[in-house]
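If you want the building blocks of each chain, they are given just below.
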Amino acid sequence: MDSNAAFLEKRFCDLARREGKTRFLEPGEMTVLARKAALEEGVQVLFCGGYPEAERTVAVFYSFIEPDEDFISCLKLEWNVKYAIPGHRDLLGAIMGLGIEREMFGDILVGEGCAHVFVLTEIADYILSNLDSAGRTKLHVSFETEEIHLPEPEGVYLRETVNTPRLDAIIAAGYDLSREKAQKLVLQGFVKLNHVECTHTDAHLSDNDLISVRGFGRLRLIEIVGETRKGRTAIRLFRYGK
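In this report, we go over the structure that sits alongside the text.

Cut-offs applied
- Residues numbered from 1 in each chain as written.
- Predicted model: local features only at pLDDT ≥ 70, side-chain atom pairs only at ≥ 80, totals over all residues.
- Heavy atoms only, no water.
- Phe/Tyr/Trp six-rings, centres within 6.5 Å; stacked < 30°, edge-to-face > 60°.
- Buried < 20%, exposed > 50% of the residue type's maximum accessible area, 1.4 Å probe, protein only.
- Pairing = 2+ DSSP bridges.
- Helix = DSSP H or I, 4+ residues; strand = E, 2+ residues; numbered from the N terminus.
- Axes fitted to C-alpha atoms, helices over the stretch in contact; angles between N-to-C directions.
- Contact = heavy atoms within 4.5 Å.
- Salt bridge = Lys/Arg side-chain N within 4 Å of Asp/Glu carboxyl O.

This paragraph deals with the packing of aromatic side chains. Within the structure shown, the criterion is met by 4 aromatic pairs. Measuring from ring centre to ring centre gives 4.8 Å for phenylalanine 238 and tyrosine 240, while their planes differ by 85°; the resulting arrangement is edge-to-face. Note on phenylalanine 238: relative accessible area 4%, which makes it buried. Among the aromatic side chains, those forming a connected cluster through ring pairs are Tyr157, Phe238 and Tyr240.

Now the structure itself:
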């Protein structure tokens, strides 16, 4: 374990012991360390990002009562599409240009004429008062008070069958590859499972697991449906992309 990982693990264990919470975490190794800390300290951990599919989340450690998400606020950023269309990078830069560290806010969801950004409630008013542009694009910032309806991602839904819901089998089914090719991709380190590199071809997957394959894109296991009459496992997948 490198020194940074050791420091984070110690920090997360301290937070778990006090039933505290982190700031927004990068998906992947940091969430793995938070789960490990919760297990070591005998508490639960909940990952909150402001909406169910969030990638950047706050780890909240608790023993009995599951916490709510009142420590996260959602801000709506609006602009006139006649004059400019800022992208994710533009909005990210504008927020950080206010002197705000990346760990203080989570996902930025860019839509048509607006974007939603999830922030720690403690800095929401500051952003509201100071964020007025992204580059040359004028912004109107407000608290989002209505339910957010996320746009459907581009991609296709697939219904497949596999011998068992293990990593190599699902990659082969999702990308129409041979089992041998799927195994090679995993063993070469080209595959991430839930944002963490995975080199175990036999890793067992569960509902909603996310797979990233270098050169192929992303694949989500929506649901393990059950056993077919022929003894195989029926699964539902979503393959991202056009």
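There's more to say after this.
We now examine the sheet that holds strand E6 (residues 114-120). Sheet architecture is open: 4 strands sit in the order E5-E6-E4-E9, paired in antiparallel fashion. On the outer flanks of this sheet lie strand E5 (105-110) and strand E9 (140-143), each paired with one strand and no other. Strand-to-strand, the axes of this sheet are offset by a mean angle of 20°, without reference to chain direction. Of the pairings in the sheet, the one linking E5 to E6 comprises 4 bridges and is antiparallel in character. Bridge pairing in E6 links phenylalanine 105 to valine 119. Those strands touched by helix H3 (residues 88-96) are strand E4 (72-78), E5 and E6, and its axis lies near 145° from that of E5. Packed on one face of the sheet, helix H4 (residues 121-130) meets E4, E6 and E9 and runs near 135° to E6.

Summed over the entire model, instances satisfying the criterion amount to 12 salt bridges. For glutamate 101, the salt bridge goes to arginine 23, with nearest N and O atoms at 3.8 Å. Of this pair, glutamate 101 sits in the loop between H3 and E5 while arginine 23 sits in strand E1 (residues 21-25), placing them 78 residues apart in sequence. You can call glutamate 101 partly exposed: its relative accessible area is 48%. For arginine 23, a relative accessible area of 32% translates into the label partly exposed.

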